[in-house]
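Structural features, examined
This is what each chain is made of:
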Amino acid sequence: MVEYKSLLIIGAGVHGMTLAISYIEQGGKLDDLLIVDPNSAPLSNWTRQTDSISMSHLRSTRVHHVSSNPYALKQFASRHAYRSNHFKDTFGRPSLELFNNHALTLWDELRLDECFLGNERVMAVRKEGQGFHVQTDRRLIVADSVIVAIGQSATVVLPEWTTERCQHVFTKDREGESNHVTVIGGGITALHYVVKRVNQGHRVTLVTRRPLEVSQFDADREFMGPKGLDQFNRLQQDWTTKRSFVTRERKPGSAPNDLVLKVKRLIQTDAVTHQIGEVERHQDILMVNGERLDDSEIVLCTGIRPQPVKETFLQPLIEQLDLPLTPCGTPVLNNRLEWTDGLYLTGAYADLIIGPFARAVYGGQEAARRILPRLLFAQKSV
Ligand SMILES: Cc1cc2nc3c(=O)[nH]c(=O)nc-3n(C[C@H](O)[C@H](O)[C@H](O)COP(=O)(O)OP(=O)(O)OC[C@H]3O[C@@H](n4cnc5c(N)ncnc54)[C@H](O)[C@@H]3O)c2cc1C
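Calculation criteria
- Each chain carries its own residue numbering, running from 1 in the written order of its sequence.
- For a predicted model such as this one, the threshold for reporting local features is a pLDDT of at least 70, and the threshold for listing and counting side-chain atom pairs is 80 or more; totals across whole chains, interfaces and linings nevertheless cover every residue.
- Counting from the N terminus, the helices are the DSSP runs of H or I reaching at least four residues and the strands are the DSSP runs of E reaching at least two.
- Two things to know: the radius of gyration comes from C-alpha atoms, and the globule rule equals 2.2 Å times the number of residues to the power 0.38.
- To assign burial, the other C-beta atoms lying within 10 Å of each residue's own C-beta are counted, with C-beta atoms placed from the backbone; 20 or more indicates buried, 12 or fewer indicates exposed, and intermediate counts indicate partly exposed.
- Each residue is represented by a C-beta atom placed from its backbone, and any two residues with such atoms within 7 Å are regarded as in contact.
- Interaxial angle, 0 to 180 degrees, is taken between N-to-C directions of lines fitted to C-alpha atoms, where a helix line uses only the stretch in contact.
- Each angle is binned into one of four classes, with values under 35 degrees roughly parallel, values over 145 roughly antiparallel, values of 65 to 115 roughly perpendicular, and all other values oblique.
- Handedness of each helix crossing follows the sense of rotation of the near helix against the far helix: counterclockwise by less than a right angle gives left-handed, clockwise gives right-handed.
- Each residue is assigned to one of three groups, with Ala, Val, Leu, Ile, Met, Phe, Trp, Tyr, Cys and Pro labelled nonpolar, Asp, Glu, Lys and Arg labelled charged, and all others, Gly among them, labelled polar.
- Any two strands between which DSSP finds at least two bridges are classified as paired.
- The handedness rule is simple: strands pointing away from the viewer, and a clockwise path from the first strand over the helix to the second, make the crossover right-handed.
- What marks off one domain from the next here is an automatic or database domain assignment.

1. Side note on the overall build of the protein
The helix and strand tally for the protein stands at 11 helices and 20 strands. The C-alpha atoms of the protein give 22 Å as radius of gyration, which agrees with the globular expectation for 382 residues (21 Å, within 12%). Oriented by its inertia axes, the alpha-carbon framework of the protein measures out at about 65 × 50 × 45 Å. Here the protein holds 382 residues, and the buried ones make up 42% of them. Residue pairs in contact within the protein that sit at least 24 positions apart in sequence constitute 73% of those at least 6 positions apart.

As structure tokens, then:
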């Protein structure tokens, strides 16, 4: 089976969806587009992850969503009479329900299901003539342009002290939950998960390295605009310093004020026991500050990380075209997020161009702003 398309988007998560929706909103044709994902529906990773921690509201604001129109979410909420509790605090952080309904409604209204190949995984990409030959586990797709939007959920981070009794929150088996759970991690995922388990009537011990830390966003808000990114952009191709910049400015292990306050209240009322310290392993026993951790159930909220690009389906293409990588193994992209003519990458693979918010919802919108205008112009001029 061979499929010919102008544009192939690999991945139908938040970023893939944003690119597909923005493409159609800006005049791209359904007939020219294909989106492929191993899940049977778009947004599957996102919904699985956010469901597993019962996240109620996003950390990002109401202008961050899957459309190229910044007001689209607010307009959708008014049209469908969403009540004010669907927007939180001065930043109007949308409820997860509103965010998801907006995204999936747009997907339906723009008839994107007609170009969606679900349950299908990309296995390898090669350049042939002017286009790309993309091999999935079912067919060959020949595309003029390819956008890789595979996110960073491939690998869950398991610290070196992990034992057999530990499960990562995003891969854990929901069966067999104990009445007492030890949650390890101090970021937004851990705190949401603590609240979820307390609401289920479970006794919770929370272990964090540092006292709970407030940060409204993943990084300082100024990094969502050109002014704030001025110093970062001036580093140009100094990839090593740019990598340090991104690592320094992203704030893992922090959460918005309302969530931190909620968990602090649970600690004050003894619904949650809070231990601050490094986890250490002695044979199969985990200890913090010299005390043994209760291991009836240990849930790690220790993050996810992107697959190194050299270990993905892009490896054959990297070899074939000798594509450049930075010293830290990130693709060397231009300002349009293009690695070689017609091949674009988003998310963590684009963070040395977009900055600390590249992996967030904003990063998908910024990728659409950078990639689509020229791509659509080129398609129209053919
Ligand atoms: C719990 C949680 C809460 C978050 N909350 C926020 C928030 O409030 N605001 C914010 O801005 N950001 C938030 N983020 C960060 C970020 O926005 C999300 O991680 C978001 O899901 C990233 O979207 P994505 O499309 O890059 O990745 P994903 O949602 O992981 O999508 C990637 C897609 O690519 C597909 N894929 C992978 N490999 C292949 C292949 N070989 N072939 C085809 N398809 C493939 C996957 O199946 C998946 O569907 C949150 C992250 C998490 C984990």
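2. Concerning the packing of helix α5 (residues 188-199) against helix α8 (residues 257-268)
Two measures define how a pair of helices packs: the angle their axes make with one another and the distance between the axes. The interhelical angle for the contact between α5 and α8, taken along N-to-C directions, is 45 degrees, at an axis separation of 10 Å. For the element pair α5 / α8, the angle class is oblique. Note on packing geometry: the crossing formed by α5 with α8 is left-handed. Contact with α5, carried on its side by Ile 188, Leu 191, His 192, Val 194, Val 195 and Val 198, involves Leu 259, Val 260, Lys 262, Val 263 and Leu 266 of α8 and no other residues of that element. Looking at the contact of α5 with α8, its residues break down into 9 nonpolar, 1 polar and 1 charged.

3. Side note on unusual backbone geometry
Unusually for a residue other than glycine, Ala 81 sits at a positive phi of about 50 degrees. Of note in this structure, Asp 270 is not a glycine but carries a positive phi near 65 degrees. Checked against the element boundaries, Asp 270 lands in the loop between α8 and β13 (272-276). Under the C-beta neighbour-count criterion, Asp 270 is labelled exposed, with 8 such atoms within 10 Å.

4. Overview of the pairing of strand β11 (residues 180-184)
Taken residue by residue, a regular strand's side chains alternate between the two faces of the sheet. Buried residues dominate β11, accounting for 4 of its 5 residues. Judged from the 5 bridges that link them, β11 and strand β12 (residues 203-208) form a sheet pairing that is parallel. Residue pairing for β12: His 180 is matched across the bridge by Arg 203. The parallel pair β11 and β12 is bridged by α5, and the resulting crossover is right-handed. Pairing analysis gives 3 bridges linking β11 to strand β17 (residues 298-300), with the strands arranged parallel.

5. What about the sheet that holds β17?
A sheet is described by the order of its strands in space; here 5 strands give the open sequence β10-β17-β11-β12-β13, paired in parallel fashion. Where the open sheet ends on each side, the last strands, each with one partner, are β10 (166-168) and β13. Strand-to-strand twist of the sheet, defined as the mean angle between neighbouring strand axes without regard to direction, takes the value 25 degrees. Packed onto the sheet, α5 meets β11, β12, β13 and β17 and runs at close to 165 degrees relative to β12.

6. Examining the domain arrangement of the protein
Its domain assignment divides the protein into domain 1 (2-154 + 306-381) and domain 2 (158-215 + 251-300). Contact residues are listed per partner, giving 8 residues for domain 1 and 9 residues for domain 2. Grouping the amino acids of the side of domain 1 that touches domain 2 by side-chain chemistry returns 2 nonpolar, 3 polar and 3 charged.

7. Observations concerning the pairing of strand β1 (residues 2-10)
Bridge analysis of β1 against strand β8 (residues 140-148) gives 8 bridges, and the strand direction is parallel. What sits directly across from Glu 3, in β8, is Ile 141. Here β1 pairs with strand β2 (residues 33-36) via 4 bridges, running parallel. By the bridge assignment for β2, Leu 7 is matched with Leu 33. Considered for its hand, the β-α-β crossover made up of β1, helix α1 (residues 14-25) and β2 is right-handed.

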